[in-house]
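# Structural features, examined
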Amino acid sequence: MRLLPMLSGIAALGLLATGEAQAGTVLDSVKQKGFVQCGVNVSGLPGFAEVDSANNWKGLDVDVCRAVAAALFGDATKVKYTPLNAKERFTALQSGEIDVLSRNTTWTSSRESALGLNFAGVNYYDGQGFMAKKELGVKSAKELDGASVCVQAGTTTELNLADYFRANNLKYTPVVFENNDEVNKAYEAGRCDVLTTDQSGLYATRVKLANPDDHVILPEVISKEPLGPAVRQGDDEWNDIVRWTLFAMLQAEEFELTSANVDKAVAESQNPDVQRFLGVIEEKGPELKLPKDFAVQIIKQVGNYGESFERNLGPKTPIGLPRGVNNLWTKGGLMYAPPIR
């Protein structure tokens, strides 16, 4: 879900200037305090960021934070989490309250310009969709003429909704709330026929409903929502660390390196690309201000991207998402890491 920029041009410039003044300092600050401060979803988004029964954070977004800590400290537990709602998330990052934002946040031009952020990559390709009660008998979003739709206020989700219905000459009644929890509760209480948000959010919400099987997610995807971690502009060093941490998870999957076999690969692989990636030859970690075995630590402690996806979102989880476009480019998906060499 994308929250519309809320800063004026002057305010944005002021925050951007602050980010520039902090250039090159995030890594030093993180090392000094001994942990990564990571912004995550406040309400808990199953599969992406939630607290389990042992009071540990888990999810696809959480694994990005854990991977950065593993790369930097050799210890994936050296993360502290700051739960943030949609309105708070950008201010928390701009102000330095958090070091990285990994909170199902869409990469857009305005966020990299007006808000002064840098997105380090995409860890989930998403798109806006619709969930409806099965009792309506609806098979397609184009059958929603006259429906009432629950949606969060002040987001591009709201704008996409209006555009879609107008483009398809359909009428609807928006049922608007300020935060996502209110939207979900209203839908479950029957105050609207349909819920709209990112498809990943629909699957995550359906899991938490009293009777998940009573609801169907419609096939239409009406927007592009590339979700990924973001950092403040003005610190290329820190941006590189977060970016290449994410790429390392993707490259590990492409090399078929897992948490179970990476130690064996370090000792036995004769593939120079794998050796280089793992820091056995031509150490690339120090070029990124990371230890030579940063990729090894990520894989051992967090896993490759595929392991993270299957553990948090895959078909064997309650959410049950297929890889789809989030598969590797070698398997028909969009996930692709530039060469680490």
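The rules behind each value
- Residues numbered from 1 in each chain as written.
- Predicted model: local features only at pLDDT ≥ 70, side-chain atom pairs only at ≥ 80, totals over all residues.
- Heavy atoms only, no water.
- Helix = DSSP H or I, 4+ residues; strand = E, 2+ residues; numbered from the N terminus.
- Rg over C-alpha atoms; globule rule 2.2 N^0.38 Å.
- Contact = heavy atoms within 4.5 Å.
- Buried < 20%, exposed > 50% of the residue type's maximum accessible area, 1.4 Å probe, protein only.
- Pairing = 2+ DSSP bridges.
- Axes fitted to C-alpha atoms, helices over the stretch in contact; angles between N-to-C directions.
- Salt bridge = Lys/Arg side-chain N within 4 Å of Asp/Glu carboxyl O.
- Polar contact = N/O pair within 3.5 Å; in protein donor to acceptor, adjacent residues only side chain to side chain.
- pLDDT = per-residue confidence, 0-100.
- Core = buried A, V, L, I, M, F, W, Y, C linked by side-chain atoms within 4.5 Å.
- Disulfide = S-S within 2.5 Å.

The subject of this paragraph is the overall build of the chain. When helices and strands are tallied, the chain shows 13 helices and 14 strands. Compactness check: the chain gives a C-alpha radius of gyration of 21 Å against a globular reference of 20 Å for 341 residues, within 12% of the reference. Over its C-alpha atoms, taken along the principal directions, the chain stretches across nearly 65 × 45 × 40 Å. Of the contacts formed within the chain by residues at least 6 apart in sequence, a portion of 73% connects residues at least 24 apart.

Moving on, we get to helix α8 (residues 199-208). Burial analysis of α8 places 7 of its 10 residues in the buried class, which makes it a mostly covered element. Regarding α8, the residues found buried are Gln199, Ser200, Gly201, Leu202, Tyr203, Ala204 and Thr205. Buried residues in α8 make contact with β7 (124-126), β8 (128-133), α7 (180-188), β11 (194-198), β12 (215-217) and β13 (225-227).

Bringing the sheet that holds β8 into the picture now. Reading across the sheet, the 5 strands line up as β10-β9-β11-β8-β12 and stay open at both edges, with mixed pairing between neighbours. At either end of the open sheet lies a strand with only one pairing partner, and these are β10 (172-177) and β12. With strand direction ignored, the average angle separating the axes of adjacent strands in the sheet is 30°. The pairing of strand β9 (residues 147-152) with β10 spans 6 bridges and is classified as parallel. Across the sheet, residue valine 151 finds its bridge partner in β10, namely valine 176. The strands touched by α7 are β8, β9, β10, β11 and β12; relative to β9, the strand with the most contacts, the crossing angle is about 155°. Along the sheet, α8 makes contact with β8, β11 and β12, crossing β11 at roughly 125°.

Time to look at the pattern of salt bridges. Evaluated as defined, the whole model comprises 14 salt bridges. Note that arginine 323 is salt-bridged to glutamate 253, the shortest N-O span being 3.0 Å. A residue pair is termed long-range when its members are at least 10 positions apart, and arginine 323 in the segment after α13 (305-312) and glutamate 253 in helix α9 (residues 236-254) qualify at 70 residues. With respect to burial, arginine 323 and glutamate 253 carry one shared label: buried. A salt bridge links lysine 300 to aspartate 263; the nearest nitrogen and oxygen atoms lie 3.6 Å apart. You can see lysine 300 sitting in helix α12 (residues 294-301) and its partner aspartate 263 sitting in helix α10 (residues 262-268), a full 37 residues away along the chain. Residue aspartate 263 is classed as partly exposed on the basis of its relative accessible area, which comes to 44%. One continuous salt-bridge network, built from bridges that share partners, spans Asp273, Arg276, Glu282 and Arg341.

The buried count for strand β1 (residues 36-41) comes to 6 of 6 residues, which makes it a mostly enclosed element. Two elements, β1 and strand β5 (residues 100-101), share 2 bridges in a ladder whose sense is parallel. By the bridge assignment for β5, cysteine 38 is matched with valine 100.

Moving on: the side chain of aspartate 126. Among the secondary structure elements, aspartate 126 is positioned in strand β7. Relative accessible area serves as the criterion here: at 12%, aspartate 126 is assigned to the buried category. Of note is the side chain of aspartate 126, whose polar atom sits 2.3 Å from the side chain of serine 200. Excluding its chain neighbours within four sequence positions, the residues that come into contact with aspartate 126 are Asp198, Gln199, Ser200, Ser223, Lys224, Glu225 and Leu227.

Looking now at the confidence of the model for the chain. In the predicted model, the chain carries a mean pLDDT of 91, and the fraction of residues at 70 or more is 93%. Under a pLDDT of 50 for its full length, residues 2-23 has, in the predicted model, 41 contacts with residues more than four places off or in other chains.

Take the nonpolar core next. Tyr124, Cys150, Trp238, Phe277 and Leu278 are the most contacted members of the largest nonpolar core, which has 71 residues in total. Aside from chain neighbours lying at most four places away, what touches phenylalanine 277 is Ala248, Gln251, Ala252, Phe255, Leu257, Ala295, Ile299 and Ile340. In this structure, Ala141, Leu144, Val149 and Leu170 belong to the second largest nonpolar core, which totals 14 residues.

The final tally for this structure, using the stated rule, is 2 disulfides. The disulfide partner of cysteine 38 is cysteine 65, and the S-S distance across this bridge is 1.8 Å. With a gap of 27 residues between them, cysteine 38 in strand β1 and cysteine 65 in helix α3 (residues 60-73) connect regions that are remote in the sequence. Comparing cysteine 38 with cysteine 65, the two get one shared label, buried. Note on cysteine connectivity: cysteine 150 is disulfide-linked to cysteine 192, with sulfurs 2.0 Å apart. The disulfide joining cysteine 150 to cysteine 192 has a torsion of about -110° about its S-S bond and is therefore left-handed. Taken together, the positions of cysteine 150 in strand β9 and cysteine 192 in the loop between α7 and β11 put the pair 42 residues apart, joining distant regions of the chain.

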